[in-house]
Amino acid sequence: MTTIFEGAFERTLDTLLTTYGKEAARGTKLEAWLFDDAASRKAAEQKLASFGVKAALRSAYKPLLHFFLEEVDRAALASVVVRYPQHEGAPQNRFLLEAYPLAALVGDAEIRFEAGSAKAFIYDVTLTFRDGRQENHAVFAPNRIHTDFIGETLLSPTGWIRLDEGCDKHRECHLDTDYERLFAGTMQAISDHAWGDSEPYFEELNIRVTLPITDFRLPVGEEVISLREALHEDFYFSLLEVFQKKSGRPLGDRGLKPGQIVPEIVFGVGKPTVVVKARPLQATDVEGETLPLDTAEAPLAVAQIHAELAAIDGQPFEARSRAGRPVKARYHKGSDAPVMISGGQHPNETTGIVGVLRAAQALAARTGSHFTISPLENPDGYAVHQRLRVDNPLHMHHAARYTALGDDLEYRTGAALNEREIRKEAERLTGAQLHVNLHGYPSHEWTRPLSGYVPRGFAMWTLPKGFFLIMRHHAEWEARAEQLIAEVTERLAAVPGLLAYNDAQIALYETHAGETGFRIINGFPCMISVDDRHTAPLTLITEYPDETIYGDAFIAGHEAQKETVLAAYDAFQRIMAVARPPSFGRSVPLRTLAQRHIV
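A few points on the structure. Being a predicted model, the structure only gives us computed values, none of them experimental. (Residues numbered from 1 in each chain as written. Predicted model: local features only at pLDDT ≥ 70, side-chain atom pairs only at ≥ 80, totals over all residues. Heavy atoms only, no water.)

Time to look at the overall build of the protein chain. Along its length, the protein chain carries 13 helices and 25 strands. Its C-alpha atoms give the protein chain a radius of gyration of 26 Å, within 12% of the compact-globule value 25 Å for 599 residues. Dimensions of the protein chain, computed from the C-alpha atoms along their principal axes, are close to 85 × 60 × 45 Å. Counting every position in the protein chain, which comprises 599 residues, the buried fraction comes to 59%. Considering only contacts within the protein chain whose residues lie at least 6 apart along the sequence, 78% involve residues at least 24 apart. Summed over its atoms, the accessible surface of the protein chain is roughly 23000 Å², and 51% of this surface lies on carbon and sulfur atoms. (Helix = DSSP H or I, 4+ residues; strand = E, 2+ residues; numbered from the N terminus. Rg over C-alpha atoms; globule rule 2.2 N^0.38 Å. Buried < 20%, exposed > 50% of the residue type's maximum accessible area, 1.4 Å probe, protein only. Contact = heavy atoms within 4.5 Å. Areas by Shrake-Rupley, 256 points an atom, 1.4 Å probe, with all protein chains shown as cover.)

This next bit is on the nonpolar core. The nonpolar side chains of a soluble globular protein tend to be buried with one another. Phe 68, Ile 207 and Leu 231 are the most contacted members of the largest nonpolar core, which has 95 residues in total. The element contributing the most residues to this core is helix 6 (residues 227-247), with 10 residues. What Phe 68 contacts, discounting residues up to four positions off in sequence, is Arg 74, Leu 77, Val 80, Leu 102, Val 125 and Leu 127. With 55 residues, the next largest nonpolar core counts Phe 371, Tyr 382, Ala 568 and Met 576 among its residues. (Core = buried A, V, L, I, M, F, W, Y, C linked by side-chain atoms within 4.5 Å.)

What follows deals with the sheet that holds strand 1 (residues 2-8). Ordered in space as 1-16-12-15, the four strands form an open sheet in which the pairing is mixed. Of all strands in the sheet, those with a lone pairing partner are strand 1 and strand 15 (260-267), marking the two edges. Neighbour-to-neighbour, the strand axes of the sheet open up by a mean angle of 10°, direction not taken into account. The pairing of strand 12 (residues 204-211) with strand 15 spans eight bridges and is classified as parallel. Paired with Glu 204 across the two strands is Gln 260, which belongs to strand 15. Seen against the sheet, helix 5 (residues 178-192) touches strand 1, strand 12 and strand 16 (273-279) and runs at an angle of roughly 165° to strand 12. Taken strand by strand, helix 6 contacts strand 12 and strand 15, and its axis lies near 160° from that of strand 15. (Pairing = 2+ DSSP bridges. Axes fitted to C-alpha atoms, helices over the stretch in contact; angles between N-to-C directions.)

For the rest of this paragraph, the subject is helix 10 (residues 421-430). Of all the positions in helix 10, only Ile 422, Arg 423, Ala 426, Leu 429 and Thr 430 are classed as buried. The buried residues of helix 10 occupy an angular sector of 125° when projected down its axis, which confines them to one face. Buried positions along helix 10 lie against strand 17 (315-320), strand 18 (326-332), strand 19 (339-342), strand 20 (371-374) and strand 21 (434-442). (Arc of directions from axis to C-beta.)

All right, on to the sheet that holds strand 24 (residues 524-530) then. Across the sheet, nine strands lie side by side as 17-18-20-19-21-25-22-24-23; this open sheet has mixed pairing. Either end of the sheet is taken by a strand with one partner, and the two such strands are strand 17 and strand 23 (519-521). Direction aside, neighbouring strands of the sheet carry axes that sit 25° apart on average. In this structure, strand 19 lies alongside strand 21, joined through three bridges in parallel fashion. Bridge pairing links Met 340 to His 435 in strand 21.

With that out of the way, let us pick up the pairing of strand 9 (residues 153-157). Both faces of the sheet carry side chains from a regular strand, because those side chains alternate between them. Burial of strand 9 is extensive: four of the five residues sit out of reach of the surface. Where strand 8 (residues 143-147) lies against strand 9, five bridges are found, and the strand directions are antiparallel. From the neighbouring strand, His 146 faces strand 9, where its bridge partner is Leu 154. The turn joining strand 8 and strand 9, which pair antiparallel and follow one another in sequence, is formed by five residues; a positive phi near 85° is taken by Gly 151.

Before going further, it helps to examine the side chain of Lys 562. In this fold, Lys 562 is placed in helix 13 (residues 551-578). In this view, Lys 562 contacts Gly 355, Arg 358 and Ala 359; residues no more than four positions away in its chain are not counted.

Before going further, it helps to spend a moment on the packing of helix 7 (residues 302-310) against helix 8 (residues 351-364). Two numbers describe how helix 7 lies on helix 8: the axes approach to 10 Å, and their chain directions differ by 20°. Comparing the axis directions of helix 7 and helix 8 gives the class roughly parallel. As for how helix 7 packs across helix 8, the hand of that crossing is left-handed. Touching Ile 305, Glu 308 and Leu 309 of helix 7 are Ile 353, Leu 357 and Gln 361, all from helix 8. Looking at the contact of helix 7 with helix 8 residue by residue, the class counts come to four nonpolar, one polar and one charged. (Parallel < 35°, antiparallel > 145°, perpendicular 65-115°, else oblique. Left-handed = near helix turned anticlockwise from the far one by under 90°. Nonpolar A, V, L, I, M, F, W, Y, C, P; charged D, E, K, R; others polar.)

Within the structure shown, the criterion is met by 23 aromatic pairs. A ring pair is formed by Phe 35 and Tyr 179, whose centres lie 5.0 Å apart and whose planes are at 15°; its orientation type is stacked. Taken together, the residues span a long stretch of sequence, with Phe 35 in the loop between strand 2 (29-34) and helix 2 (38-49) and Tyr 179 in helix 5 at a distance of 144 residues. In this pair, the class of Phe 35 matches that of Tyr 179, namely buried. Here the aromatic cluster, defined as three or more aromatic residues joined through ring pairs, consists of Trp 195, Tyr 201, Phe 202 and Phe 243. A cation over a ring is seen here: Arg 162 above Phe 140, with NZ or CZ 4.7 Å from the ring centre. (Phe/Tyr/Trp six-rings, centres within 6.5 Å; stacked < 30°, edge-to-face > 60°. Lys NZ or Arg CZ within 6 Å of the ring centre and 35° of its normal.)

We now examine the side chain of Ser 238. Note on placement: Ser 238 falls in helix 6. Relative accessible area serves as the criterion here: at 6%, Ser 238 is assigned to the buried category. A distance of 2.6 Å separates a polar atom in the side chain of Ser 238 from the backbone oxygen of Asp 234. If we skip the residues at most four places from it in the chain, Ser 238 touches Phe 183, Met 187, Glu 233, Arg 448 and Ser 451. (Polar contact = N/O pair within 3.5 Å; in protein donor to acceptor, adjacent residues only side chain to side chain.)

This paragraph deals with the pattern of salt bridges. Taken as a whole, this structure holds 52 salt bridges when the rule is applied. A salt bridge links Glu 445 to Lys 62; its shortest N-O distance comes to 2.9 Å. Here Glu 445 is found in the loop between strand 21 and strand 22 (468-473), whereas its partner Lys 62 is found in the loop between strand 3 (54-59) and helix 3 (63-71), with 383 residues between them in sequence. A relative accessible area of 8% places Glu 445 in the buried class. A salt bridge links Arg 133 to Glu 135; the shortest N-O distance between them is 3.3 Å. Among the charged side chains, a salt-bridge network with shared partners connects Asp 294, Arg 358, Arg 366, Arg 491, Glu 559, Lys 562, Glu 563 and Asp 570. (Salt bridge = Lys/Arg side-chain N within 4 Å of Asp/Glu carboxyl O.)

Time to look at the environment of Leu 566. Along the chain, Leu 566 falls in helix 13. Judged by its relative accessible area of 7%, Leu 566 falls in the buried class. Taking the C-alpha atoms as reference points, Leu 566 and Asp 294, 272 residues apart in sequence, are found 15 Å from one another. Excluding anything up to four places from it in sequence, Leu 566 contacts Ala 359, Ala 362, Leu 363, Arg 366 and Arg 491.

Keep in mind these numbers describe shape, not what the thing actually does.
Here's what the structure looks like:
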C-alpha cells in the first residue's frame with residue numbers, strides 16, 4: 001500500500017470567522033459564495049452578527065436554487081420569471097440546468113424561464129406574490145474560466161467574496177474555497193505521481209475525503225443536494241480523463257484500463273481532509289439479508305443473486321473477474337428462438353439485476369423457453385457499490401460503474417477478456433439473435449461542479465427523464481427492430497403507473513433542459529439506430545432511472561425491467577415465427593467511438 005497524497009484544508013467558513021469575527025470588523029458588510037451546507041452557513045452568519053458584521057453567506061453550488069430555498073417565501077408566490085445567463089464558454093442551457101429542479105418547488109405558481117440575461121453570471125428574477133407585491137432580484141452565480149487537468153478550458157462554479165467596509169472600500173474577488181483547493185491539490189498530486197507506462201497503473205486508487213458538509217433531501221422525486229456526491233463524481237471522471245490522456249487514448253475511451261478508482265467521500269467534523277492511497281484490490285463482499293425477490297426494496301446481496309440464479313433450471317457456465325470473483329450464468333435450453341438476457345454491466349444500475357432474475361425465473365417455468373441469463377456481469381464493480389452504499393445509499397457511486405480494471409466490460413478487447421467471456425460463451429451456446437441488456441441511469445441530477453458542471457461526455461444523462469429504451473440493430477434488421485420496439489412499448493404502456501411516472505419526469509426535464517430528442521413510441525422515449533459492432537443483430541437496452549432508489553420506487557423499477565424482458569422475449573418469438581432472418585455472422589469493421597452513440 002502506497003500513500004500518494006494526504007492533507008488537511010482550513011475550512012473557508014472558519015477562515016471568514018477568524019478574519020471578520022472580531023471587534024475590529026464591526027460595521028463590515030460581507031457577502032460570500034461557498035461550497036458548504038445551509039446550516040453551516042447560517043450558523044456562521046449568526047456568529048459574525050454577534051461581532052457586528054452583517055454577513056450573507058450563500059451557496060456557490062446551484063445559487064439560484066438555494067436563493068429560492070433559503071430567501072423566498074415560495075408558498076406565497078403567484079408567478080416567477082427567471083432570465084438565466086448564457087456564456088460562450090458553456091452550453092446554452094447550462095445555467096438553466098443549474099436551476100433544476102426549481103420548477104417543481106414553486107407549488108402552483110406559474111414559472112417561466114427565458115434565455116439571455118444581459119449581465120454576466122446574473123439570474124434576473126421577477127417574483128409576483130399572491131397579494132400583488134412584486135420583487136426583482138439579481139441572483140449572482142459566480143463562475144471562473146480555467147484550464148483543467150487535461151488542458152481543456154472550462155467555465156465552472158467558484159467561490160466569491162464581496163466586502164463593503166465603508167463608502168470608499170468596496171471590493172470583490174474570487175474566493176479560493178476549501179472545496180476547490182482540496183480537489184485541485186489532490187488532482188495535481190495524482191497527476192504528478194510516477195505511475196509507469198503500462199495499464200493498469202494500480203489495483204485500487206483510493207481517495208478518502210472527509211467533508212463537514214451535510215446532504216439535503218429535496219421534496220422532488222429522488223433529488224438530493226450533495227456536495228459530497230458531486231465531489232465523488234468530479235474525482236472519478238476527472239481521473240478517468242487524466243489516465244485517458246496519459247495512455248494516449250481519446251477522451252471518453254471506455255477501453256482504458258487504469259485500475260479501480262474509488263473516491264470515498266464521507267462526512268467528518270473539523271477540517272476537510274484527504275488521503276490518497278494505491279492499495280490492493282478488495283476481494284471480500286458486503287454481506288446482506290435475503291429479500292423476497294418479487295418485492296425486493298433494495299439491491300440484493302451477492303449470495304442471494306447466486307442462489308436465485310441457481311434456482312433456474314439449466315446448464316451453468318461462468319467467467320472470472322479481475323479480482324477473482326465468479327461471473328455466473330445459466331443456459332436454459334428449449335425449442336424457442338434463443339435470447340441472451342443480461343444485467344449488471346454497470347452494477348450501480350441496480351434494478352436490472354433484480355428484473356433479469358425475476359424475468360428468467362418466469363421464463364424458465366414455460367415450456368420451450370430458450371435463453372441465457374447473466375444477472376451480474378461486473379461483480380467487482382458491484383462489490384464497490386455495496387461497500388460505498390454502507391456510508392451513503394443515496395449517492396450514485398459511479399466508481400462502481402466499471403470493472404476492477406477500470407474499463408467498461410462491453411468495450412474490452414484482447415486475449416484476457418475476464419468478465420467479457422460470459423457474453424462470448426452465451427453467444428457460442430445459443431447463437432442468439434436478440435440480446436436484452438438491462439441498464440439504468442441516475443434517478444437524480446448528476447453534476448461535476450468543479451469541471452464545467454455538466455458531466456463531460458454524459459450530458460444527456462445529467463437529469464432523469466423517465467424509463468426509456470435503446471434499440472441497436474444491424475442494417476438489414478431495421479424492420480424487425482421497429483416491430484420489436486412497437487410491441488414492447490405497447491405492453492409496457494399497460495404497466496400500472498409507468499406512463500404517468502414517465503410523463504412527470506419528462507415534463508420537468510424539458511423545462512430545465514429542453515427537448516429529449518427521442519422518438520416517443522406508445523408513450524415511451526426510444527432511440528433506434530444502426531449499430532453493427534454487436535454480434536447479435538438486435539440489442540435492446542433498457543434505461544431506468546434507478547441509481548439511488550429504494551422501497552416502492554425500487555420495486556416499480558425492477559417490475560418495469562422484468563416486464564421489458566418478457567415483452568421482448570414474446571415479441572421476438574412472434575417475429576422469428578413468421579420471417580426467416582438474414583445472416584448476421586458477417587464481419588464488419590468497428591466504427592470509432594466518436595462515430596457511434598455509446599451507452
